[in-house]
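Commentary on secondary and tertiary structure
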Amino acid sequence: MNNFLYFWNHFAFVLLMVGGLFIIIVSQNYIKKIVGLAIFQTSVFVFFVSLAKIIDGTAPILNPINTIYSNPLPHVLILTAIVVGVATSALGLAIVLQIYRNYGTIEENEIKKEELKDIS
Amino acid sequence: MNIFLDDAPALVVALPLIVSAIIAFIPSSRLTWFITIITLVCHLFLSFELLERVSSLGIIIYEFGNWPPPWGISFKLDGVNIGLQLLFSAFALITTIYSRKIFLSEIDHHDSGKAYSLWLLAIGSLNGIILTNDIFNLFVFLEISALSSISLISLGAGINRRALLAAFNYLIIGAIGATFYVIGVGFAYAMTGTLNMNDLIIQLSQYSEGQLAIFAGMSFMLIGLMVKSAVFPMHLWLPPAYSYAPSAVSTLFAALATKAILIFFVRILYEVFSIYDDYFTIFLEYGLLPLSLAAIFIGTIIAIYQDDIKKLLAYSSIAQIGYITLAFSMNESSGVLSGFIHIFNHALIKGGLFMAVGYFAISINERVTLQSIEGFGQKFPITSYALLICGLSLIGLPLTNGFISKLYLFQALYSDQMFLTIALVALSSALAVIYFWKIVEKLFFSSKGYKASSEDPAIYIPIWIVAISLIYFGVFSSPIVEFSSIAADSLIKGVLSE
């Protein structure tokens with residue numbers, strides 16, 4: 001049981017991740033899907049950053065008082081991943097805007113009805 | 001000059017990326033096209049230079065900023081990726097020459113210049129995917145290629161608004177796949193503290209097979225890459241994305257995009273994952289092998305029932321990816337060899353088919369369906385015969401390079417004593433004849449007596465270059481077989497040397 005509590009950051013990560021995936025799958029609204037995607041990606045950022053924490057560690061700047069530093073590399077990686085996430089959301093929203101202009105709605109079930117009209 | 005050539009491994013990725021940023025500001029679409037061609041000619045030159053260097057040195061590790069590998073990012077050029085690098089470079093050039101007229105008629109005039117900016121971005125990042133030796137760097141290239149290809153796919157909305165839905169689905173599914181991959185990277189980093197692939201192999205070999213964290217991490221990475229390369233149950237984004245994209249874009253991605261990610265998938269699988277012998281064989285035998293067979297059958301059968309030809313070709317791509325993963329699931333050098341051969345051949349075949357169909361699409365200005373191409377054998381004979389050659393090669397008729405793929409695949413399966421799989425593959429090849437025959441029947445055996453209309457040399461010359469290369473590599477198969485056997489050797493040897 002102790003072990004479970006020790007890795008609580010992993011549980012937080014999994015909860016966020018599954019929540020995000022759930023929103024992506026269940027919601028009919030395309031903007032909500034992008035929100036779900038953002039939560040899903042953020043969960044991974046949280047996971048990476050929490051990996052870097054070393055107990056009692058501080059910011060990795062050389063100074064005479066502290067000798068234990070947290071690992072800076074995951075933060076740098078996640079900085080890149082955040083940029084990628086922002087770009088993905090921005091592109092997704094741009095496409096949703098175009099979908100709205102072309103279909104007049106951003107609800108998946110209504111777009112499916114439109115699709116059927118296209119075919120028949 | 002030599003200063004540039006020393007950095008050739010970085011330049012093959014950096015050159016398209018830098019030029020793409022510059023040409024985004026050029027308003028004239030003809031000028032951007034011209035600059036793109038010049039860039040890709042330089043790119044091809046650099047690729048030949050790299051090929052020469054790799055064939056004399058065997059392996060090149062390029063360190064960015066002279067940071068030694070475990071700390072800095074590095075590119076690795078060896079037998080596995082150098083042949084593909086050359087194929088990518090050459091095919092990107094041919095497709096770019098072909099794309100000019102297609103973009104002009106399928107994309108809004110103001111966008112066609114900017115489309116080349118995205119086009120170069122996609123080419124540069126795909127090159128990065130096959131060359132990189134750093135697992136996080138791969139994620140960045142994956143996302144650059146995904147974002148640029150999504151934008152290019154959504155440009156198809158000018159003709160059919162469904163391109164937007166296809167692009168959106170690809171965005172969501174692709175982002176989930178890439179994020180899964182990053183979760184895997186996180187687990188691997190937590191256990192080993194390294195992102196460099198060579199170092200990762202050394203660090204991972206300290207852990208026993210029972211380590212759950214490593215197993216979880218590897219599973220996340222492999223599943224993420226399988227989503228991105230459209231291996232069977234994760235393929236749903238691919239058919240709409242390829243069929244509603246502008247035809248030149250479908251050509252580039254059908255030929256190159258999934259292959260680049262498959263190469264990295266195979267490298268992770270064989271170079272890193274294979275140090276855990278039990279997991280590795282279980283994954284290949286009970287995971288990849290049944291999925292590949294399912295992909296082959298379901299892809300082929302759905303293709304038979306398609307009316308829309310670009311969709312038909314997209315589903316046939318799913319089946320062909322199935323053949324490639326089937327070859328790699330054998331865990332033997334002969335199987336891996338046939339997988340590499342099929343990556344080369346399928347890139348050329350599918351590229352040629354999409355090119356020909358793209359020409360039909362712009363000449364009739366609507367979706368290319370089985371009904372609408374009736375009699376095109378008489379109307380557009382030059383393009384139709386090129387399509388016939390590509391299609392025969394897809395089926396695997398002797399004297400075409402598709403036959404070489406099938407031959408080596410059957411040889412590998414036979415030496416592995418997998419007789420049931422041989423029967424299934426033979427059956428699926430027979431099924432492939434059905435969907436291709438439907439196209440041929442409409443093209444050449446119809447009662448509509450069209451007169452031959454003049455065709456555009458700017459389009460049919462690139463198509464025929466591809467078609468002739470299919471026959472050339474079918475008759476003189478040694479270049480492709482040689483590249484592939486070097487690739488297979490260095491992939492398998494990479495495992496043994498650890």
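Because the structure is a prediction, the values reported are computed rather than measured.

Let us look at the overall build of chain A. Broken down by element type, chain A carries 5 helices and 0 strands. Along its sequence from the N terminus, chain A presents helices and strands in the succession α-α-α-α-α. Taking 14 Å as the expected radius of gyration for a compact globule of 120 residues, we find that chain A reaches 20 Å, considerably beyond that expectation. In terms of principal-axis extent, the alpha carbons of chain A reach across some 75 × 35 × 15 Å. Every one of the 120 residues in chain A was classed for burial, and the buried ones make up 24%. Taking all contacts inside chain A whose residues are at least 6 apart in sequence as the whole, residues at least 24 apart take part in 44%.

What follows covers the overall build of chain B. Helix and strand counts for chain B stand at 20 helices and 2 strands. Against the globule reference of 23 Å for 498 residues, chain B gives a C-alpha radius of gyration of 22 Å, in line with a compact fold. Its C-alpha atoms give chain B principal-axis dimensions of roughly 70 × 55 × 40 Å. Out of the 498 residues belonging to chain B, those deemed buried represent 59%. Residue pairs in contact within chain B that sit at least 24 positions apart in sequence constitute 80% of those at least 6 positions apart.

Residues and elements named next belong to chain B. Taken N-terminus to C-terminus, the directions of helix H9 (residues 212–228) and helix H11 (residues 247–272) make an angle of 160 degrees; their axes are 9 Å apart at the nearest point. By the angle between their directions, the pair H9 and H11 is classed as roughly antiparallel. Seen from above, H9 lies across H11 with left-handed handedness. Every residue of H11 that contacts H9 at Met 221, Leu 222, Leu 225, Met 226 and Lys 228 is listed here: Ile 261, Phe 264, Phe 265, Ile 268 and Leu 269.

Next up on the list: the packing of helix H4 (residues 79–106) of chain B against helix H5 (residues 109–131) of chain B. Residue and element names in this part refer to chain B. Two elements in contact, H4 and H5, have axes whose closest approach is 11 Å; the angle formed by their N-to-C orientations is 170 degrees. In terms of axis orientation, H4 runs roughly antiparallel to H5. Residues Asn 81, Leu 84, Gln 85, Phe 88, Ala 92, Phe 103 and Leu 104 of H4 form the contact with H5, whose participating residues are Ser 112, Ala 115, Ile 123, Leu 126, Asn 127, Ile 130 and Leu 131. In the contact of H4 with H5, the residues fall into 10 nonpolar, 4 polar and no charged.

With respect to the secondary-structure elements, B:Ile275 resides in the loop between H11 and helix H12 (277–304). Between the alpha carbons of B:Ile275 and B:Ile201 there is a distance of 7.7 Å; along the sequence they are 74 residues apart.

Moving on to the pairing of strand S2 (residues 74–77) of chain B. All names here are of chain B. Residues Ser 74 and Lys 76 point to one face of S2 and Phe 75 and Leu 77 to the other, with burial holding for every one of them. Two elements, strand S1 (residues 60–63) and S2, share 4 bridges in a ladder whose sense is antiparallel. Bridge pairing in S2 places Glu 63 opposite Ser 74.

Before going further, it helps to examine the interface of chain A and chain B. Where the parts come together, the accessible area they lose is often given as the size of the interface. Chain A puts 25 residues into the contact, and the matching count from chain B is 22 residues. Elements represented by at least two residues in the side of chain A that touches chain B include exactly helix H3 (30–52) and helix H4 (73–103) of chain A. When grouped by side-chain class, the residues that make up the side of chain A that touches chain B number 18 nonpolar, 6 polar and 1 charged.

Looking now at unusual backbone geometry. A negative phi holds for most residues other than glycine; trans holds for most peptide bonds. Residue and element names in this part refer to chain B. At Asn 66, a residue that is not glycine, the phi angle is positive and equals roughly 60 degrees. Relative to the helices and strands, Asn 66 resides in the loop between S1 and S2. Here the phi dihedral of Ala 230 falls at roughly 60 degrees; this positive angle occurs in a residue that is not glycine. Here Ala 230 lies in the loop between H9 and helix H10 (238–244).

All names here are of chain B. Its 17 residues give H9 an end-to-end C-alpha distance of 24 Å, which sits within 8% of 24 Å, the value for a rise of 1.5 Å per residue. Of the residues making up H9, those classed as buried are Ile 214, Gly 217, Met 218, Phe 220, Met 221, Leu 222, Gly 224, Leu 225, Met 226, Val 227 and Lys 228. Those residues of H9 that are buried are in contact with helix H6 (135–154), helix H7 (162–192), helix H8 (197–204) and H11. Two residues or fewer past H9, Ala 230 is found with a positive phi of approximately 60 degrees.

A word on the confidence of the model for chain A. Predicted coordinates in regions of low pLDDT should not be interpreted in detail. Mean pLDDT for chain A: 86, with 94% of residues reaching 70 or above. Mean pLDDT values over the elements of chain A span from 69, in helix H1 (residues 2–6) of chain A, up to 91, in H4(A).

Quick look at the environment of B:Asp416 now. Residues and elements named next belong to chain B. Position of Asp 416 among the secondary structure elements: in the loop between helix H17 (401–415) and helix H18 (419–444). Given 15 C-beta atoms within a 10 Å radius, Asp 416 is considered partly exposed. For the pair Asp 416 and Ile 282, spaced 134 residues apart in sequence, the C-alpha separation works out to 16 Å. Beyond its immediate chain neighbours, meaning those up to four positions away, Asp 416 contacts Met 330, Glu 332 and Gly 335.

Right, let's get into the nonpolar core. All names here are of chain B. Residues Ile 153, Ala 167, Leu 256, Ala 356 and Cys 390 are the most contacted members of the largest nonpolar core, which totals 205 residues. Per element, the largest residue contribution to this core is 21 residues, and it comes from H7. When sequence neighbours within four positions are dropped, the list of residues in contact with Leu 256 reads Phe 88, Phe 91, Leu 126 and Ala 347.

Turning our attention to the confidence of the model for chain B. Residues and elements named next belong to chain B. On average, residues of chain B carry a pLDDT of 86, and 97% of them reach 70 or more. Mean pLDDT across the elements of chain B ranges from a minimum in helix H1 (residues 2–6), with 70, to a maximum in H6, with 91. Per the prediction output, this complex has pTM 0.91; the corresponding ipTM is 0.92.

Mapped onto the elements of the fold, A:Leu51 is located in helix H3. Looking at A:Leu51, the number of C-beta atoms within 10 Å reads 20, which means it is buried. The contacts of A:Leu51, once residues within four sequence positions are left out, are A:Pro74, B:Gly186 and B:Ala190.

Definitions and limits used
- Residue numbers restart at each chain and count upward from 1, following the sequence in its written direction.
- Starting at A for chains and at 1 for ligands, labels are handed out in the order in which the entities are written.
- Restriction of local features to residues with pLDDT of at least 70 applies here, the model being predicted, together with a cutoff of 80 or more for giving and counting side-chain atom pairs; totals for whole chains, interfaces and linings are based on all residues.
- Here a helix means four or more residues in a row that DSSP labels H or I, a strand means two or more in a row labelled E, and each is numbered from the N terminus.
- Throughout, radius of gyration means the C-alpha value; the globule benchmark is 2.2 Å times the number of residues raised to the power 0.38.
- Around each residue's C-beta, the other C-beta atoms within 10 Å are counted; 20 or more make the residue buried, 12 or fewer make it exposed, and counts in between make it partly exposed. All C-beta atoms are placed from the backbone.
- Here, residues touch in the contact sense if the C-beta positions derived from the backbone fall within 7 Å of one another.
- The convention used is that axes are lines fitted to C-alpha atoms, helices contributing only their stretch in contact, and that angles between N-to-C directions extend from 0 to 180 degrees.
- For classification purposes, angles smaller than 35 degrees are called roughly parallel, those larger than 145 roughly antiparallel, those between 65 and 115 roughly perpendicular, and all remaining angles oblique.
- Crossings are sorted by hand: turned counterclockwise from the far helix by less than a right angle, the near helix makes the crossing left-handed, and turned clockwise it makes it right-handed.
- Classification convention: Asp, Glu, Lys, Arg as charged; Ala, Val, Leu, Ile, Met, Phe, Trp, Tyr, Cys, Pro as nonpolar; all other residues, Gly among them, as polar.
- Two strands form a pair only when DSSP identifies at least two bridges running between them.
- Multiplying 1.5 Å by the helix residue count minus one yields the expected span of that helix.
- A residue's pLDDT is the predictor's confidence in that residue, given on a scale from 0 to 100.
- Definition of nonpolar core: a set of buried Ala, Val, Leu, Ile, Met, Phe, Trp, Tyr and Cys residues joined via C-beta atoms within 7 Å.

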